[in-house]
Structure formats: C-alpha cells, structure tokens
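Structure assessment
For reference, the chains in residue letters:
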Amino acid sequence: MQLRDLSDHVEYRAGRGIEEVARELGRDPSEFVKLSSNENPHGPSPKAEAAIRDAAAEVHRYPKAVHADLTDALAERWDVGAEQVWLGNGGDGALDYLARATLDPGDRVLVPTPGFTYYGMSARFHHGNVAEYDVRRGEAAPEAFALTADTVLDAYDGERVVYLTSPHNPTGDRFSLDAVETVADETGEDALVVVDEAYGEFTDAPSAVSLLGDRDDVAVLRTFSKAYGLAGVRLGYALTPPAWGDAYARVQTPFAASAVACRAGLAALDDDDHVEQTVDSVTWSRRHLAEELDARTYESHANFVLAHVGDATAVTEAAKRAGVLVRDCTSFGLPEHVRVTCGTREETERAVDVLNEVLADR
Ligand SMILES: *Cc1c(COP(=O)(O)O)cnc(C)c1O
C-alpha cells in the first residue's frame, strides 16, 4: 500500500512544553516560564474550569444540544445567523472546514510569509496548492512589515482562498478593515478572503465580521485558545456569509466540537471579567516588553511581541537555559527574531531580565 504523495506536506512545529524542556535539561519544571505559544498565562476562566468538571458526567452522550447551544450563543454575540457559525476542533479545525468547502483539487491558495503554517497545511490536505505573499516590505533595517492591500494584491494571481491574519502572527501588525475590503473587492469573483482573528480580542480594531452581511466572499476565524485560555480543549469557529446556507452541515465532521469543549466555551463566553483581565494584563505586558527589552520590537496588537535579537536560535537557547522559553522565529523565516508571549507581570519582568542579560553577553 502506498500513501499519497506527502512530500510537500510539512509537520506543524508547536512550541515545546515546559515538561519536555525540563526533562531535556534535567531540571525542575517549576524553574521555567513558557512564553513561546501565545497561551493565556492566567489560565482558563474559573467558570469554564467548573463547566469542564461538570461536563465529565455527561460525556457518554453525543453533544447534540450543547453544540447547538454554543452555536446559538456565538450567533447572538456576533449578531449573525446560527448557520453562519462553523464550530471546529480549534480554529485549525474550522480552517479545515473552510478549505473543505471551497477547494477543488489543484486550486491554489495565497498565504502570508512569514505566517501561520497551518493555512498551507490545511490547503494541501484538501488537495490544494500553496502560493505566498511576503509581508516584509521596504528597506527599513532590520525588517519592515506592512499589512496593506497592496502587500497581498501584488502577489495575487487568481488564487481561490486568500488568508489574512489580523492581528498577524508573528509580527503583531494588523490589516485595516478598508484593506480587507479592498482585497475582497480586487480578488476574483470566486475567491474567498479568510480573515484570521485568532488574536482579535487584543486589538481595538473592529472585527471583519461587520463585512459578512453585505458580501459572500469573506469569512472570519476566531478561537477560544488565546484570550479565553482554552487552548487545551481545542475550540474555535469560523463566521461565514449568510449566502452559504447549509454548507457547514455538508462539510463538518459530525460533532466537530466535543461536549467538554462546548460546555467550556459557553461558560467562558459568560465570563467577561476573565477576558477583560487578560486583555488588561496583555496591554501592560506588551508595553513593558516594548519599552524595556534592549532590542528592536514591533508594534503589536496581539498577546506577543516580536523582537529583533540577532541570532534568534542562540538567543532562544540561552534564554531557555536561564528558564525562559520564547519562540525562535527561524522556522517562520525570521532567523534574527524571537516572539515573546505576554506573560503575567512576574513572567514578563523575568523574560525582560533574562533576555537583556543574554543580549548583553553577546
Ligand atoms: C493560535 C492561532 C490560531 C488558532 O489556533 P487553535 O488553537 O487551533 O484555535 C489560528 N491562527 C493563528 C494565526 C494562530 O496564531
């Protein structure tokens, strides 16, 4: 038996966990802080935690009602119809449904570089091909990023799906709503623009959800993994145009989100205080990193800051030995940058101290 040709497929490389690193270095996990995966350092909402515990007693049942309840709650929150809400196993799962609903074999998609790798992976799973637009623009040293309509349209060549990450991972920059509209206007009649707002809670810019009512070519991705602190339960969703009707029912893997995930999501949606505290904490941490790191940083609208440190792999390794895990952006194509997730006050201060020591020693 032969597998299909997987030579173009690449493995998703997640930031390594504390346990893994501690074992490798023969150290105690409590000595480390993990600021490499853009997780919520404050944990999940206490309400979500309680809901997960309560959900345990009913996991012998398929999650039909609770799936509908969460869909309805999200539809109400965003003022869209329930059929426009496509729950998924993480935002990544919802990305798969969008690819499944749009791509014919051999269709091309356009993804940002540097950028989130799962867009291309998902397209390839669905027999699509991947082209890239470069978000690095201009001559400013060491790197200048520009998320404008031209950045995308200069590279556009008839692709079927165009991915915009706003706020962008790993730069923290964002597209204006005008830019999103221009991209949607100028791309092909049957092209879909996916606006990935995984970090949407951390920016004061309006969501592209406002465009859905008038258009059939924009979809928005949101997740419970970042601001809501539920990365481990895997829950995200796409918001899609009303004109797509019952497409979700035709492409979803049955019960795309588990009973545990749906219960947690419902409870988290009901805990505005948790999200507010998280956003306040990120706002402080982001400013602290920008002001105190002895490295060039880029304005961020997300829960992380990109910093220019020179040899990113060496700096990441040295910081790791000092107990602070940050993301080496070499795999994103930025070998001179690290991405630092906004931690608690204590974690952020420690990250700044450690990184500044590492940078001073170089
Ligand atoms: C984290 C992230 C997602 C979604 O992650 P899930 O955990 O699958 O919800 C999507 N896009 C970007 C850019 C991300 O950073």
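**Quick word on the overall build of the chain**
- Looking only at helices and strands, the chain features 12 helices and 12 strands.
- Compactness check: the chain gives a C-alpha radius of gyration of 20 Å against a globular reference of 21 Å for 362 residues, within 12% of the reference.
- Across its three principal directions, the C-alpha atoms of the chain cover 60 × 55 × 50 Å.
- Split into buried and exposed, the 362 residues of the chain put 54% on the buried side.
- Of the contacts made within the chain by residues no fewer than 6 positions apart, 71% connect residues no fewer than 24 positions apart.
- Accessible surface, the chain: about 16,200 Å² in total, of which carbon and sulfur atoms supply 45%.
- Charge separation in the chain, taken as the distance between the mean sites of 34 positive and 64 negative side-chain charges, equals 5 Å.

**Considerations on the packing of aromatic side chains**
- Tallied over the entire structure, the rule returns 12 aromatic pairs.
- When the centroid spacing of 6.1 Å and the interplanar angle of 65 degrees are considered together, the rings of Y118 and F125 count as edge-to-face.
- With relative accessibility at 10%, the residue Y118 sits in the buried group.
- Assessed through its relative accessible area of 33%, F125 is described here as partly exposed.
- With 6.0 Å between their ring centres and 50 degrees between their planes, F224 and Y237 make a pair best called tilted.

**Re the nonpolar core**
- Grouped together as the largest cluster of nonpolar side chains are 113 residues, with contacts concentrated most on L74, W86, L87, F224 and L239.
- The contact partners of F224, leaving out residues within four places of it in the chain, are L74, G229, L230, A231, L235, G236, Y237, G265, A268 and L269.

**Focus: the sheet that holds strand 1 (residues 33-35)**
- In spatial order, the strands read 1-11-12-10-9; together these five strands make up an open sheet with mixed pairing. The open sheet terminates on both sides in strands that have one partner only, identified here as strand 1 and strand 9 (296-297).
- The pairing of strand 10 (residues 304-308) with strand 12 (residues 337-341) spans five bridges and is classified as antiparallel. Of the residues in strand 12, the one forming a bridge with A307 is V338.
- Sheet contacts for helix 11 (residues 312-321): strand 11 (324-328) and strand 12; angle to strand 11, the most-contacted strand, approximately 165 degrees.

**Section: the environment of T313**
- Along the chain, T313 falls in helix 11.
- Judged by relative accessible area, T313 falls into the partly exposed class, the value being 38%.
- Taking the C-alpha atoms as reference points, T313 and V338, separated by 25 residues in sequence, lie 8.4 Å from one another.

**Side note on the pairing of strand 6 (residues 192-196)**
- Within strand 6, five of the five residues are buried, leaving the element largely enclosed by the surrounding structure.
- Burial along strand 6 is two-sided: L192, V194 and D196 and V193 and V195, pointing in opposite directions, are all buried.
- As defined by bridge partners, strand 5 (residues 161-165) adjoins strand 6 across five bridges and the pair is classed as parallel. In the strand pairing of strand 6, T165 is matched with D196.
- Sheet analysis places strand 6 next to strand 7 (residues 218-223), joined by four bridges and oriented parallel. Counted as the bridge partner of V194 is A219 from strand 7.

**Thoughts on the side chain of H288**
- Note on placement: H288 falls in helix 10 (residues 272-292).
- On the basis of relative accessibility, which here comes to 18%, the residue H288 falls in the buried class.
- Not counting residues up to four positions away in its chain, the partners in contact with H288 are L293, T348, E349 and V352.

**Remarks on the domain arrangement of the chain**
- In terms of domains, the chain is made up of domain 1 (18-44 + 272-360) and domain 2 (47-269).
- Using C-alpha coordinates to define each centre, domain 1 is positioned 25 Å away from domain 2.
- The partner domain 2 presents 27 residues to the 29 residues of domain 1 that form the contact.
- The contact between domain 1 and domain 2 buries some 2,200 Å² in all, and 61% of this surface belongs to carbon and sulfur atoms.
- Its largest share of buried area at the contact with domain 2, domain 1 owes to P44, H301 and F332, together 28% of the area lost on that side.
- Across the domain 1-domain 2 interface, the total number found is one salt bridge.
- Where domain 1 meets domain 2, there are seven residue pairs in polar contact (both at pLDDT 80 or more).
- Elements represented by at least two residues in the side of domain 1 that touches domain 2 include exactly helix 10, strand 10 and strand 12.
- Among the elements that line the side of domain 1 that touches domain 2, the one with the most residues is helix 10, at seven residues.

**Notes on the sheet that holds strand 4 (residues 129-134)**
- Taken together, seven strands build an open sheet; the order of strands is 2-8-7-6-5-3-4 and the sheet is mixed. Looking at strand neighbours, the two that pair on one side only are strand 2 (85-88) and strand 4, the edges of this open sheet. For this sheet, the mean angle separating the axes of adjacent strands, direction not counted, is 25 degrees.
- Of the strand pairs in this sheet, strand 2 and strand 8 (residues 236-239) are connected by four bridges, and their pairing is antiparallel. Within strand 8, the residue paired with L87 across the bridge is Y237.
- Seen against the sheet, helix 4 (residues 90-102) touches strand 2, strand 5, strand 6, strand 7 and strand 8 and runs at an angle of roughly 125 degrees to strand 2.

Conventions used here
- Residues numbered from 1 in each chain as written.
- Predicted model: local features only at pLDDT ≥ 70, side-chain atom pairs only at ≥ 80, totals over all residues.
- Heavy atoms only, no water.
- Helix = DSSP H or I, 4+ residues; strand = E, 2+ residues; numbered from the N terminus.
- Rg over C-alpha atoms; globule rule 2.2 N^0.38 Å.
- Buried < 20%, exposed > 50% of the residue type's maximum accessible area, 1.4 Å probe, protein only.
- Contact = heavy atoms within 4.5 Å.
- Areas by Shrake-Rupley, 256 points an atom, 1.4 Å probe, with all protein chains shown as cover.
- Lys, Arg positive; Asp, Glu negative; His and termini not counted.
- Charge placed at Lys NZ, Arg CZ, Asp CG, Glu CD.
- Phe/Tyr/Trp six-rings, centres within 6.5 Å; stacked < 30°, edge-to-face > 60°.
- Core = buried A, V, L, I, M, F, W, Y, C linked by side-chain atoms within 4.5 Å.
- Pairing = 2+ DSSP bridges.
- Axes fitted to C-alpha atoms, helices over the stretch in contact; angles between N-to-C directions.
- Domains from an automatic or database assignment.
- Buried area = accessible area lost by both parts, 1.4 Å probe.
- Salt bridge = Lys/Arg side-chain N within 4 Å of Asp/Glu carboxyl O.
- Polar contact = N/O pair within 3.5 Å; in protein donor to acceptor, adjacent residues only side chain to side chain.

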